[in-house]
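A structural walkthrough
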Amino acid sequence: MKRATLCPEHVLPEHRVPPPWPGRPVRLDGSVIYVRDTPATGPTAEPALYVHGLGGSSQNWTDLAGLLAHRLEGQAIDLPGFGRSEPGARYTVPAFAERVVRWIEHSGRGPVHLFGNSLGGAISVHVAGLRPNLVRTLTLVSPALPFLDFRRSLQGRMLPLLALPRAERLAARRLAQVAPEVMAQQVMEACVADLSRISAQRRQEALEEILVRYQAAHYASAYVRTFRGLVSSFLRSYLPGSGSLWRLARAVRAPTLVIGGRQDRLVDVRVAPQTARVIPDSRLLMLNGVGHVAQLEVPRVVARAVLGLLDETGEGVRRSDLAG
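Below, the structure is looked at part by part. (Residues numbered from 1 in each chain as written. Predicted model: local features only at pLDDT ≥ 70, side-chain atom pairs only at ≥ 80, totals over all residues. Heavy atoms only, no water.)

The element helix α10 (residues 271-278) is extensively covered by neighbouring structure, given that 6 of its 8 residues are classed as buried. Its buried side turned inward, α10 meets β7 (135-141), α9 (245-251), β8 (256-261) and β9 (282-287). (Buried < 20%, exposed > 50% of the residue type's maximum accessible area, 1.4 Å probe, protein only. Helix = DSSP H or I, 4+ residues; strand = E, 2+ residues; numbered from the N terminus. Contact = heavy atoms within 4.5 Å.)

Okay, here's the thing in structure tokens:
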């Protein structure tokens, strides 16, 4: 494990708040997956794929993908059952990872620079560990790799719900009882350490995403089943067998950047350093005063760390190339 390096601030584009990148539905293996494209602004940019976390969507990557567009041609997907993608048959980490692999194969863009936040981090580790030929570099932001002390997560209070036979119905009822504006505020407060860093535009977009959830009859079921699948993967990781996420992390060969927020309220803050220790070729960046979604809260810092990774490993277009 090494300390992450940050490229100079002046390398990044000027600050702006872009709207969500244009999206499109794509039929893949019989169901629709929603994809947002961030066009490259550099002539030799390499392909990148962004994978969101539990309850998130492809919009979580808007700022970061824009900041990296001179080096990376981005695509961000909505996982099955989330955002604007159709529901899936299974909501487990391996099932989501299989979907990501199928998208990379279908799009013909591999190998990609793979990014994952939270649940998306666990999925990305699964992909990189089993299909190294598809991954150039790996960037994990607050990856939801296994931890057993759920007192260190706000999600811990949901654990009793998973034991109930009608958990999905109870979750749907709870969703219907909370006003969208209140739900959007609660989500932001859980994920972000300093809400002043989130622009009015991003807050409005978060509300619009919540409204999409309210209109999707499958959303509550997808959320509960995904959370159940994630918890199951945590438990399996501490048992013998090949399904351990920690064993898969040890198998990752791609150069990897791990970013954690010290004020993360959803994933145990000890997980990011542990992830960096386990993955062989890793760099770690721990951010003070930052929560669960650093790519939303401090996108320029995250972009500088990603560019540092690309410069170090010789991936993407180098700054010297741009200068020439």
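There is more to say after this.
Moving on to the packing of aromatic side chains. In total, this model carries 7 aromatic pairs according to the counting rule given. On the numbers, 6.3 Å between centres and 70 degrees between planes, the contact of Trp61 with Phe115 is edge-to-face. Of this pair, Trp61 sits in the loop between β4 (46-51) and α1 (62-67) while Phe115 sits in strand β6 (residues 112-117), placing them 54 residues apart in sequence. Each member of the pair Trp61 and Phe115 is classed as buried. (Phe/Tyr/Trp six-rings, centres within 6.5 Å; stacked < 30°, edge-to-face > 60°.)

The grouping of Leu148, Leu235 and Tyr238 at the surface amounts to a nonpolar patch, some 300 Å² of accessible area in total. Checked against the element boundaries, Leu148 lands in the loop between β7 and α4 (159-162). (Patch = residues over 30% accessible without salt bridge, like charges linked within 9 Å, V, L, I, M, F, W, Y side chains within 5 Å. Areas by Shrake-Rupley, 256 points an atom, 1.4 Å probe, with all protein chains shown as cover. Salt bridge = Lys/Arg side-chain N within 4 Å of Asp/Glu carboxyl O.)

For the rest of this paragraph, the subject is the layout of surface pockets. Of the volumes computed, that of the second largest pocket is approximately 420 Å³. Looking at the second largest pocket, it is lined by 23 residues, and the ones nearest its centre are His15, Arg16, Asp63, Leu67 and Pro299. Elements with a contribution of two residues or more to the lining of the second largest pocket: α1, α11 (294-297) and α12 (299-313). Within the lining of the second largest pocket, the residues separate by chemical class into 12 nonpolar, 4 polar and 7 charged. (1 Å grid on protein atoms, 1.4 Å probe; cavity = no way out; pocket = protein on both sides within 12 Å on 5 of 7 lines; lining within 4 Å. Points joined across faces, edges and corners; volume = space filled by probe spheres on them. Nonpolar A, V, L, I, M, F, W, Y, C, P; charged D, E, K, R; others polar.)

Moving on to the pattern of salt bridges. Enumeration according to the criterion identifies 17 salt bridges in this entry. Between Asp37 and Arg24 there is a salt bridge; the shortest N-O distance is 2.6 Å. Of this pair, Asp37 sits in strand β3 (residues 31-38) while Arg24 sits in strand β2 (residues 23-28), placing them 13 residues apart in sequence. In the salt-bridge network here, residues are joined through shared partners; they are Lys2, Asp281, Arg283 and Glu312.

Think of a sheet as strands paired side by side through backbone hydrogen bonds, with each pair either parallel or antiparallel. Spatial strand order, β1-β9-β8-β7-β6-β4-β5-β3-β2: 9 strands in an open sheet with mixed pairing. Edge positions in the sheet fall to β1 (2-3) and β2, since each of these pairs with one other strand and no more. Of the strand pairs in this sheet, β4 and strand β5 (residues 72-77) are connected by 6 bridges, and their pairing is parallel. Across the sheet, the residue bridging to Tyr50 is Ala76, located in β5. Contacts from helix α2 (residues 93-107) reach β2, β3, β4, β5 and β6 within the one sheet, and its direction differs from that of β2 by about 100 degrees. (Pairing = 2+ DSSP bridges. Axes fitted to C-alpha atoms, helices over the stretch in contact; angles between N-to-C directions.)

Moving on to unusual backbone geometry. Cis geometry marks the peptide bond from Gly110 to Pro111; its omega dihedral reads -5 degrees. Following the sequence through the fold, Pro111 ends up in the loop between α2 and β6. Positive phi is not limited to glycine here, since Ser118 has a value of about 60 degrees. Among the structural elements, Ser118 can be located in the loop between β6 and α3 (119-130). Exposure remark for Ser118: the relative accessible area of 9% places this residue in the buried category. Even without a glycine there, the phi angle at Ser142 is positive, about 45 degrees. When you line up the elements, Ser142 lands in the loop between β7 and α4.

In this sheet, β3 lies alongside β2 in antiparallel orientation, the contact comprising 6 bridges. Bridge pairing links Arg27 to Val32 in β3.

Now for empty space enclosed by the protein. All told, the structure shown has 3 cavities of 30 Å³ or more when counted by the stated rule. Lining the largest cavity are Gly55, Gly56, Ser57, Gly81, Phe82, Gly83, Glu209, Val212, Arg213, Ala216, His218 and Tyr219. A per-element tally of the lining of the largest cavity places helix α7 (residues 200-215) first, with 3 residues. Residues that form the lining of the largest cavity fall into these classes: 4 nonpolar, 6 polar and 2 charged.

Helical geometry note: an α-helix holds 3.6 residues per turn, so side chains three or four residues apart project in the same direction. Every buried residue of helix α5 (residues 167-177) is accounted for by Ala167, Ala171 and Leu175. Buried residues of α5, viewed axially, fall in a sector of 75 degrees; they line one side. Exposed side chains of α5 directed beyond 90 degrees from the buried face belong to Arg169, Arg173, Ala176 and Gln177. (Arc of directions from axis to C-beta.)

Another aspect to go through is the side chain of Asp264. Structurally, Asp264 can be placed in the loop between β8 and α10. Of the side chains bearing the opposite charge, Arg265 lies closest to the buried Asp264, which forms no salt bridge; the N-O distance is 8.0 Å. In this structure the side chain of Asp264 is engaged in a polar contact, spanning 2.8 Å, whose partner is the backbone nitrogen of Leu266. From its side chain, Asp264 meets the backbone nitrogen of Val267 in a polar contact 3.1 Å long. Each residue touching Asp264, except ones within four places of it in the same chain, is listed here: Ser142, Val269, Val290, Gly291 and His292. (Lys, Arg positive; Asp, Glu negative; His and termini not counted. Polar contact = N/O pair within 3.5 Å; in protein donor to acceptor, adjacent residues only side chain to side chain.)

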